[in-house]
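One-letter residues, chain by chain:
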Amino acid sequence: MKADAPLDLDTIRQRLAGTRGRKYWRCLEEVAETPAFEEFLHREFPAGASEWGDEFSRRGFLQLMAASFALAGFSACTKQPLEKIVPYVRQPPELTPGKPLYFATALTLGGFAQGVVATSHEGRPTKIEGNPDHPVSLGATKVFTQAAVLDLYDPDRAQTVLRAGQPSDWNTFVSAMHAILQDQQTKAGTGIRILTGSTTSPTLQSQLNAFLHQYSAAKWHQWEPLSRDNIRDGAWQAFGEIVETQYAFDKADVILALDADFLFTHPSSLRYARNFAQRRRVKDAAGAKMSRLYAVEPTPTITGSMADHRLPVSSAEVEAIARSLAQKLGLEVEAAATPHEEWVAAVARDLQAHPGTGIVIAGETQPAAVHVLAHLINAKLNNSGQTITYTVPAEPVPVNQLTSLQTLIKDLQSGGVDLLIMMEGNPVFDTPADLGFAEAVAKAKTVVRLGFEENETSRYCHWHIPAAHALESWSDVCAFDGTVTLIQPLIEPLFEGKTAHELIDALFQPPGRNSYDIVRAYWQAQKWPNFEKTWRTALNDGVVAGSASPAQQVKLTAKAPSKTAQASGKLEILFRPDPSIWDGRFVNNGWLQELPRPISKLTWDNAALVSPVLAQREKLENGDVVTLKFGGRTLRAPVWIMPGQAENSVTLHLGYGRERTGRVGAGTGFNAYALRTSQALWSGAGLEIKRTGEKYPLVDTQKHHSVEGRDIVRSGTIGEFTANARFLEAHKEPRPERDVTLYHPDEFKYDGYKWGMSIDLNVCIGCNACTIACQAENNIAVVGKTQVANGREMHWIRVDAYFQGSLDNPEVNNQPVPCMHCENAPCELVCPVGATVHDDEGLNVQVYNRCIGTRYCSNNCPYKVRRFNFLEFNAGMTPVQKMVKNPDVTVRSRGVMEKCTYCTQRINAARITAEIANRKIRDGEIITACQAACPVEAIVFGDLNDPESRVVKLKGQPLDYWMLGELNTRPRTSYLAKLRNPNPEMKS
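Everything quoted here is computed from the prediction, not taken from an experiment. (Residues numbered from 1 in each chain as written. Predicted model: local features only at pLDDT ≥ 70, side-chain atom pairs only at ≥ 80, totals over all residues. Heavy atoms only, no water.)

1. Quick word on the overall build of the protein chain
Stage number 1. The secondary structure content of the protein chain amounts to 30 helices and 40 strands.
Stage number 2. In the protein chain, which comprises 988 residues, the proportion classed as buried is 61%.
Stage number 3. Element-wise, carbon and sulfur atoms account for 51% of the exposed surface of the protein chain, whose accessible area totals about 39100 Å². (Helix = DSSP H or I, 4+ residues; strand = E, 2+ residues; numbered from the N terminus. Buried < 20%, exposed > 50% of the residue type's maximum accessible area, 1.4 Å probe, protein only. Areas by Shrake-Rupley, 256 points an atom, 1.4 Å probe, with all protein chains shown as cover.)

Have a look at this one:
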C-alpha cells in the first residue's frame, strides 16, 4: 500500500460524530478515505500480489491461458515416480490405519492445566481439542493450545544434551551432577538452588520436597514473568491467608471488571467465557434478559470488547475508581479523586440493585490494594458464597515470586551458589531489567537448564538438557479449581527430551526411573482404592475424580487499604502479555505469529499502542519509530494508534525482540522487557516518548477483505429487541424472494442432508481460537510477514473487528467470517474448469486438481473468503515438520484456490460411522474444527433438513440474518445479531 499523507484525527472525529444511526468502521484509513486505502479496497488482488505485474497484454494472457488449459489436461496423464512402501509387519492390535486414536491429557499455561483430547494418526499427534469432561476447558481451547502440536515438530527445538555448548549425553550429565551433590551432602546443600516457573504438579512438588529434605539448606525459587503476586497479596491482606477466588459468571447479573481480562488471560478463562456466554444468549423478545458487563481498563482487551459500558482510564486511575465505588456502597475507605463520579455512581446503583448476583473482579495487573477493595465490595454486596467462592490454591507452594526471585539473585551475587538448576523458563530474558539476572547467574559455579529450546538463558548454562514436549511426557497437573489431570504421551520423545521429573530423580542415587514410573509411584502412594481401575479411569477421562479443591470459609480481616499516591498528568507505560506469543515462549510458532491479534489485527510484530489523543499531541503515525524512556532506560519501538486506548497510557506487549530463538521468531518485534522493572511489573508513571523520524513496516489485516462499506455486522440493544422483535428489519435489506435471481432458476433438491451453520455474534469474544483451529485441522500454510502485507494470508476463517461510535472509546463488534456456502454461489458460475461446484448436500466444494488459478471465483465472491496460494508454502519441509499435517486433508500445492469446506473430512467420517451402524448422522455428531475450539459455543453446525436440529432452531430465531442477504446468494452460514445491555441511566 502506498504511503498517505498524515491522518487528520480531528477530521476523523468529526466524521464519526456526524454519523446517524449505526455506522461501523474497521480502521482509521477507512474513515479518512485515504487514497492508499481506496486503492487497496478497489483492487481485488493488491499491487504486488500479482506474479505478472501490472502490464500484461491480451495476447500474453491468451497464450498463458492456453498453456494452463493444456497443462490441466496433461497433468492427469502424467506418470508419477515409483515409490516403495513398507507395510506393518506386526501391526499393533489397537491400531487401524487411517483411523485416528484419541487420548485425554493436558497442556499447561502459567502452571495451570488446560484439559485436552489429542488426536493421533499412526502414532503421531496431529490435532488438539478441548476435553469436554474437564471442568476448566469444557471442550474448548485457547489459541496456544491449538498451536501446541506445531511446537512438538519444531525443528529448532533443543535436540541433545549440551555441555558448554558442545554435544554430550545424559549419562555424562548424571555423573557430573552426582559429583557435585556428593560434595554438597556435607554442607546440607547450602550451595544448591532450584528455579522453576509456577507449577501445580503434585508429583513434582513431592519430588522437590524430598530433595529439599535430603539437602535441607537448599532452596526452591519460583518465577513466572506473568506472575499472580498481586492477586495472592490481595487475598493475604484481605483474609490473612492465600486463597483463590472462583467466579460464577453464569449466576451474575452485573459484572464490573477492574482491568481484568477474565475472558482471555485468566487461568480459568475458558470456563469463565462459557459461563459468561450463558447469560448473554437471547432466544426471543418475550422476557429476554442479559447480564450486564462494565469494564474499566487502560487498553482494549477481549473482555473490554464485550462490555456494555467500557471506561478507558489509566491503570493508575483504576484504584481511584474502586475507592469511589466502595465509598458509594457505604464502605469506610479513603476516597480518591476521579473525574468519573457519575459513571461510578450509576455502576454502584446497579450493583446495589442486584445483591448476591454481582461480581467485582480485579485483574492481575492491578496492585494488591485494588484486590482488597474488590473483596470488600463483594462482601458488602453479599456476593461471597453466591457468585463468588474461595478455594485452596492449586499451586502447592504459592509464594510471592518477585520476592523469591530477588532472594535468588542476592544469593547468586554473593557467589554462594554452587549449583543452580532451572526448569524451563527464560529468566535472562524475562526477569525485571533492574535486577540484573544475567550478571548474577554468571557467578554461579554450575548452571543447569532443562529447556524446550536454546534461548537467551542457555548462553549462561554449563549444561543444557532438552525438555520433552507435553505430548511426549508423563506428568500430572492441576487446573485452576484444583482438579488433577494425568498427562500422558502420544509419542516417544523425538529429540532425547527429558521431563522435570526425570531430572530431579536423576539427582538421587541410583537414577534411572522414567517419568511414567515416577508419576505412577506418587499416585500409588496416595492409597487410591482399587488403584489400577482408578488410574485407568483417570487416564481415560482426563481428570482425577473428586480432586477439585473444596470451598473454603474465609473471614475478612482487613480494613480498606491506604490510598496509593498517584502521579497525575504523566504518561504511563503498561506491560501486557501478547495475545499470540504470551510472554515470549511461543515466539517461534508460525501459526501464532501470523494470527492477527484481537482488535488491532497486527501480525508478526508488537507495537507501542498509543491513544488517538496522544498520537495527535505527539504528531505520531502508525509505524513511526519512537524512543521510549522509562526508569533511566530507553527502547526504540514503532507505534500503533489504538482506538479506545486511555489517553496517557502506552501499552507494550511482552515476548518479542528475542536475541536467541528459532528461525521463525528471529528478528521479530522489540523487547519490552528491557523497560520492565521490579517497581513497574505491570505499569509505571513517568514515561517519555519522542519521535525519531524513522518508519517501521507494521502489518495488520484489518484493512484486508473489505466489502466496500456494506454493513455485514448487525447489532442493537436488548431494549430495542424487547420493544420490537423484528428490529433487525430496520437495519438490513429484506431477503429477496427465491425466484428473484440471476443464478440458478431452480432450487436445488436435497433428499439427504443439507448442511448449514449459525454463528452467534452475541457471544463471540473474538479470541481467534476458531481461526487457528481451522489452520491446524486443514493444513493451512504460514506465508510470512511480507506475504501478509501483500494481502496473501491464507486463513480460511477470519475474525473481523468492527468499531462503532467515537474514535476514543468505540464499541467493538467481533464477527467470524468463513465461506458462506451460498445456495446461489457467485463463485460457481465463473470458474472455467468447474473447480468450484455445488454438491448434493449443499456444500460449495473446491476441487483442487481442477483449479488452474484464474482467481475469477475470488473476484466474484462478495464475502472475500477465498484464498489463493501464490507460492509453494509447503516446499522444503523436513520429515519431522511434515508430521504435523492432517492426513485426512490434502496438502495443497502452489496455484490453487482454497477456502472453508465446513470440515468435509469430518462430515465424511461421521457418514462412515453412521452407515456402518445403519442410521442417519445424529445432530451434534459433526463438530467442525472452529466449532470445537470456540469457548463460548458461538458456532453451531448441522443438518438444515432436520427440523429438530440445533442449527435449524437457531436460524428460526428473530435475530437471525444473512450477511449481504440483499445479494440473494442465500448463504448457508447465517448470524445471530449482537445485542448489548446498556444501563438506561448512562449515556450512550
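2. Notes on the confidence of the model for the protein chain
Any region with low pLDDT has predicted coordinates that should not be read closely.
Stage number 1. On average, the protein chain scores 87 in pLDDT, and the residues at 70 or more come to 88%.
Stage number 2. Mean pLDDT in the protein chain bottoms out at helix α4 (residues 58–75), which sits at 44, and peaks at strand β10 (residues 254–258), which reaches 97.
Stage number 3. Note on residues 47–58: pLDDT under 50 across the span, and 18 contacts to partners over four residues away in sequence or across chains.
Stage number 4. Low pLDDT, under 50, characterises residues 60–86; the stretch is placed with twelve contacts to residues that sit more than four places away or in other chains. (pLDDT = per-residue confidence, 0-100. Contact = heavy atoms within 4.5 Å.)

3. Focus: the side chain of Asn589
Stage number 1. Tracing the backbone shows Asn589 in the loop between β20 (572–577) and α20 (590–594).
Stage number 2. For Asn589, the side chain forms a polar contact with the main-chain oxygen of Ala147, separated by 3.0 Å.
Stage number 3. At a separation of 3.1 Å, a polar atom in the side chain of Asn589 contacts the main-chain amide nitrogen of Trp591.
Stage number 4. Non-local contacts of Asn589, meaning those with residues more than four positions away in its chain, are made with Ala147, Leu150, Asp151 and Val664. (Polar contact = N/O pair within 3.5 Å; in protein donor to acceptor, adjacent residues only side chain to side chain.)

4. Focus on helix α23 (residues 769–777)
Stage number 1. The buried fraction of α23 amounts to nine of the nine residues, a majority that puts the element mostly inside the structure.
Stage number 2. Those residues of α23 that fall on the buried side of the exposure criterion are Ala769, Cys770, Thr771, Ile772, Ala773, Cys774, Gln775, Ala776 and Glu777.
Stage number 3. Looking at the residues trailing α23, positive phi occurs at Asn779, about 55 degrees.

5. Some words on the pattern of salt bridges
Stage number 1. The tally for this structure, following the rule as stated, stands at 44 salt bridges.
Stage number 2. In this structure, Arg193 engages Asp411 in a salt bridge whose closest nitrogen and oxygen atoms are separated by 3.1 Å. One end of the pair, Arg193, is in strand β7 (residues 192–196); the other, Asp411, is in helix α14 (residues 401–413), and 218 residues separate them in sequence.
Stage number 3. Judged by relative accessible area, which is 6%, Arg193 ranks as buried.
Stage number 4. Residue class for Asp411 comes out buried when judged on its relative accessible area of 15%.
Stage number 5. Between Glu777 and Arg906 there is a salt bridge whose closest N-O contact spans 2.8 Å. Here the residue Glu777 occupies a position in helix α23, and Arg906 occupies one in helix α28 (residues 904–916), the gap between them amounting to 129 residues.
Stage number 6. Take Arg906: its relative accessible area is 18%, and that puts it in the buried class.
Stage number 7. Salt bridges sharing common partners tie together Lys127, Glu129, Glu777 and Arg906. (Salt bridge = Lys/Arg side-chain N within 4 Å of Asp/Glu carboxyl O.)

6. A short note on the sheet that holds β7
Stage number 1. Judged by pairing direction, the sheet is mixed, and its seven strands sit side by side in the order β6-β5-β17-β16-β15-β7-β8 without closing on themselves. With one partner strand each, in any of the chains shown, β6 (166–167) and β8 (219–222) form the two edges of the open sheet.
Stage number 2. By the bridge criterion, two bridges tie strand β5 (residues 162–163) to β6 in an arrangement that is antiparallel. Within β6, the position partnered with Leu162 by the bridge is Pro167.
Stage number 3. On top of the sheet, helix α6 (residues 170–185) reaches β5, β7, β15 (419–423), β16 (446–451) and β17 (463–466); it is set at about 130 degrees to β17, its chief contact.
Stage number 4. Here α14 sits on the sheet in contact with β7, β8 and β15, set at roughly 125 degrees to β8. (Pairing = 2+ DSSP bridges. Axes fitted to C-alpha atoms, helices over the stretch in contact; angles between N-to-C directions.)

7. Structural notes on the nonpolar core
Stage number 1. By size, the foremost hydrophobic cluster in this structure holds 128 residues, and its most contacted members are Phe262 and Leu652.
Stage number 2. Looking at this core, the element that brings in the most residues is helix α5 (residues 143–152), giving seven residues.
Stage number 3. Every residue in contact with Phe262, bar those within four places of it in the chain, is listed here: Phe249, Ile255, Ala257, Ser269, Tyr272, Phe276, Leu293, Thr303 and Ile361.
Stage number 4. Grouped together as the second largest cluster of nonpolar side chains are 70 residues, Ile797, Tyr802, Tyr848 and Leu959 included. (Core = buried A, V, L, I, M, F, W, Y, C linked by side-chain atoms within 4.5 Å.)

8. Notes on the layout of surface pockets
Stage number 1. The volume enclosed by the largest pocket comes to roughly 1200 Å³.
Stage number 2. Taken together, 37 residues make up the lining of the largest pocket; nearest its centre are Tyr102, Glu129, Arg906, Glu925 and Ile927.
Stage number 3. Broken down by secondary-structure element, the contributors of at least two residues to the lining of the largest pocket are β3 (112–121), β4 (124–130), α28, α29 (929–933) and β37 (939–943).
Stage number 4. At five residues, the largest contribution of residues to the lining of the largest pocket is made by α28.
Stage number 5. Taken together, the residues that form the lining of the largest pocket break down as 15 nonpolar, eleven polar and eleven charged. (1 Å grid on protein atoms, 1.4 Å probe; cavity = no way out; pocket = protein on both sides within 12 Å on 5 of 7 lines; lining within 4 Å. Points joined across faces, edges and corners; volume = space filled by probe spheres on them. Nonpolar A, V, L, I, M, F, W, Y, C, P; charged D, E, K, R; others polar.)

9. Focus: the packing of aromatic side chains
Stage number 1. Scanning the entire structure with this criterion turns up 28 aromatic pairs.
Stage number 2. Ring centres of Trp170 and Phe173 lie 5.4 Å apart, and the angle between their planes is 40 degrees; on these two criteria the pair is classed as tilted. Residue Trp170 and its partner Phe173 are both found in helix α6; the two are separated by three residues, about one turn of the helix.
Stage number 3. Exposure remark for Phe173: the relative accessible area of 0% places this residue in the buried category.
Stage number 4. For the pair Trp755 and Phe941, a centre-to-centre distance of 5.5 Å together with 20 degrees between the ring planes defines the contact as stacked. A residue pair is termed long-range when its members are at least 10 positions apart, and Trp755 in strand β30 (residues 755–760) and Phe941 in strand β37 qualify at 186 residues.
Stage number 5. Its relative accessible area of 3% is what places Trp755 among the buried residues.
Stage number 6. Among the aromatic residues, those joined into a ring-pair cluster are Trp474, Tyr516, Tyr522, Trp523, Trp528, Phe531 and Trp535.
Stage number 7. Of note, Lys498 hangs over the ring of Trp170, and the distance from its end group to the ring centre comes to 4.8 Å. (Phe/Tyr/Trp six-rings, centres within 6.5 Å; stacked < 30°, edge-to-face > 60°. Lys NZ or Arg CZ within 6 Å of the ring centre and 35° of its normal.)

10. Thoughts on the environment of Pro935
Stage number 1. By the element assignment, Pro935 lies in the loop between α29 and β37.
Stage number 2. It is 9.2 Å that separates the C-alpha atoms of Pro935 and Gly130, two residues lying 805 residues apart in sequence.
Stage number 3. Look past the residues within four positions of Pro935 in its chain and what remains in contact with it is Ala140, Leu270, Ala273, Arg274, Ile765, Cys767 and Ala769.

11. Brief notes about empty space enclosed by the protein
Stage number 1. The final tally for this structure, using the stated rule, is 19 cavities of 30 Å³ or more.
Stage number 2. Taken as a whole, the second largest cavity spans an internal volume of roughly 430 Å³.
Stage number 3. The wall of the second largest cavity is formed by 29 residues, among which Pro300, Thr301, Pro577, Pro579 and His653 lie closest to the centre.
Stage number 4. Where the lining of the second largest cavity is concerned, the elements lending two or more residues are β20 and β25 (649–654).

12. So, the pairing of strand β9 (residues 244–247)
Stage number 1. Along β9, one buried face is formed by Glu244 and Gln246 and the opposite face, lined by Thr245 and Tyr247, is buried too.
Stage number 2. Where β9 lies against strand β14 (residues 388–391), four bridges are found, and the strand directions are antiparallel. Within β14, the residue paired with Gln246 across the bridge is Thr389.

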